[in-house]
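So you can see what is in the structure, the chains are spelled out below.
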Amino acid sequence: MLGLAKRVGARILLTSTSEVYGDPLEHPQTEAYWGNVNPIGVRSCYDEGKRVAETLMFDYHRQHGIEIRIARIFNTYGPRMNIDDGRVVSNFIAQAIRGEPLTVQKPGTQTRSFCYVSDMVDGLIKLMNGNNTGPINIGNPGEFTMLELAENVKELINPEVTVTMTENTPDDPRQRKPDITKAKEVLGWEPKVVLRDGLVLMEDDFRERLAVPKKA
């Protein structure tokens with residue numbers, strides 16, 4: 001893709017990830033933070049793959065003058081997600097609609113920040129139309145534990161379901177929250193949709209595809 005961008009003179013976007021920060025020792029995470037990643041862990045092919053992709057983007061930018069844009073995307077959710085993709089928001093919503101227990105990975109106190117898809121798209125468009133190469137954090141700085149997320153889904157979608165704890169995967173980051181100061185200053189961007197509103201919008205789409213209507 002970088003070779004193609006060089007050949008045709010295109011501006012190229014890398015949708016990088018908050019996973020480049022690994023299990024961060026800095027909180028919230030700024031773009032200047034280099035991260036804390038285990039290079040041989042079970043999650044490392046994703047983390048390190050994105051890190052090397054950023055390296056290649058900047059190598060082509062420096063050596064060939066390619067116009068690059070790098071967005072470090074934090075957890076994003078919304079309608080049309082794959083129902084069984086294994087991501088925590090889609091998992092919880094599908095489980096709640098099906099009447100299944102919400103499975104929270106231990107200890108449940110690990111945090112994530114959830115950005116609604118329309119806010120994310122708006123941020124990416126602003127990044128592509130602007131003059132800053134990035135990397136720029138694009139995410140919602142609202143921070144929730146996994147238990148808090150589960151309780152929100154339970155309250156909004158199906159108060160009758162239970163919450164159960166399951167074993168976690170190794171190297172799971174304990175905290176994740178973007179510092180979006182740069183996005184505000186450089187792009188004039190910040191998210192507008194709060195989590196509880198976004199979950200309801202996502203519920204309607206999931207119910208339609210799962211063919212489970214709301215109870216009267």
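To keep things clear, this report deals only with the structure shown in the data block. This one's a predicted model, so the numbers in the text were calculated from it and none came from an experiment. (Residues numbered from 1 in each chain as written. Predicted model: local features only at pLDDT ≥ 70, side-chain atom pairs only at ≥ 80, totals over all residues. Heavy atoms only, no water.)

1. Topic: the packing of aromatic side chains
Operational definition: Note on aromatic contacts: the rings of Phe and Tyr and the six-membered ring of Trp form a pair at centre separations within 6.5 Å, being stacked when their planes are under 30 degrees apart, edge-to-face when over 60 apart, and tilted otherwise. Strands are runs of DSSP state E lasting at least two residues, helices are runs of H or I lasting at least four, and both sets are numbered from the N terminus onward. Each residue is placed in one exposure class: buried if its accessible area under a 1.4 Å probe, protein chains only, is under 20% of its type's maximum, exposed if it is over 50%, and partly exposed if it falls in between.
By the definition in use, this model includes 3 aromatic pairs. Between Tyr-21 and Tyr-33, the aromatic rings sit 6.0 Å apart at their centres with planes inclined by 25°, giving stacked as the arrangement. Within this pair, whereas Tyr-21 is found in the loop between strand S1 (12–17) and helix H2 (44–64), its partner Tyr-33 is found in the loop between S1 and H2, the two being separated by 12 residues in sequence. Considering the side-chain rings of Tyr-21 and Phe-74, the 6.2 Å spacing of their centres and the 40° angle between planes classify their relative orientation as tilted. Taken together, the residues Tyr-21 in the loop between S1 and H2 and Phe-74 in the loop between strand S2 (68–73) and strand S3 (76–77) connect sequence positions 53 residues apart. Assigned by exposure class, Tyr-21 and Phe-74 land together as buried. Among the aromatic residues, those joined into a cluster by ring pairs are Tyr-21, Tyr-33 and Phe-74.

2. Focus on the packing of helix H3 (residues 88–98) against helix H5 (residues 146–157)
The relative placement of two packed helices comes down to the angle between their axes together with the axis-to-axis distance. Note the threshold: Every axis in this analysis is a line fitted to C-alpha atoms, fitted for helices over the stretch in contact. Angles between the N-to-C directions lie between 0 and 180 degrees. It is the rotation of the near helix from the far one that decides the hand of a crossing: anticlockwise by less than a right angle makes it left-handed, clockwise makes it right-handed. Contacts are residue-level and defined by heavy atoms, with any inter-residue pair within 4.5 Å sufficient. The residue classification treats Ala, Val, Leu, Ile, Met, Phe, Trp, Tyr, Cys and Pro as nonpolar and Asp, Glu, Lys and Arg as charged. All others, Gly included, are polar.
It is the contact of H3 with H5, at a shortest axis distance of 10 Å, that shows an interaxial angle of 35°. Helix-helix and strand crossings are classified by hand; for H3 and H5 the assignment is right-handed. From H3, Val-88, Val-89, Phe-92, Ile-93, Ala-96 and Ile-97 reach across to H5, where they touch Met-146, Leu-149, Ala-150, Val-153 and Ile-157. Per-class residue counts for the contact of H3 with H5 are 11 nonpolar, no polar and no charged.

3. Here we look at the nonpolar core
Condition: Nonpolar cores are built from buried Ala, Val, Leu, Ile, Met, Phe, Trp, Tyr and Cys residues. Side-chain atoms within 4.5 Å join them into one set.
Ranked by size, the top nonpolar core spans 25 residues in total, and within it Tyr-77, Val-89, Ile-93, Leu-149, Val-153, Leu-199 and Phe-206 carry the most contacts. Mapped onto this core, the elements with two or more residues apiece are H3, strand S4 (102–105), H5 and helix H7 (195–210). Per-element tally for this core: the top contributor is H3, with 6 residues. The contacts of Ile-93, once residues within four sequence positions are left out, are Val-153, Ile-157, Leu-199, Met-202, Glu-203 and Phe-206. Core analysis: the second largest hydrophobic core is formed by 12 residues, Ala-71, Leu-124, Ile-136 and Trp-189 among them.

4. Some details on the pattern of salt bridges
Selection rule: A pairing counts as a salt bridge when a side-chain nitrogen of Lys or Arg comes within 4 Å of a carboxyl oxygen of Asp or Glu.
If you walk through the whole model with that rule in mind, you get 20 salt bridges. For Arg-196, the salt bridge goes to Glu-155, with nearest N and O atoms at 3.1 Å. With Arg-196 in helix H7 and Glu-155 in helix H5, the pair connects residues that are 41 residues apart, well separated along the chain. When the shortest N-O distance is used, the salt bridge between Glu-160 and Lys-215 registers 3.5 Å. Highlighted residues: Glu-160 in the loop between H5 and strand S9 (163–166) and Lys-215 in the segment after H7, separated in sequence by 55 residues. Look at Lys-215 and you get exposed, because its relative accessible area is 68%.

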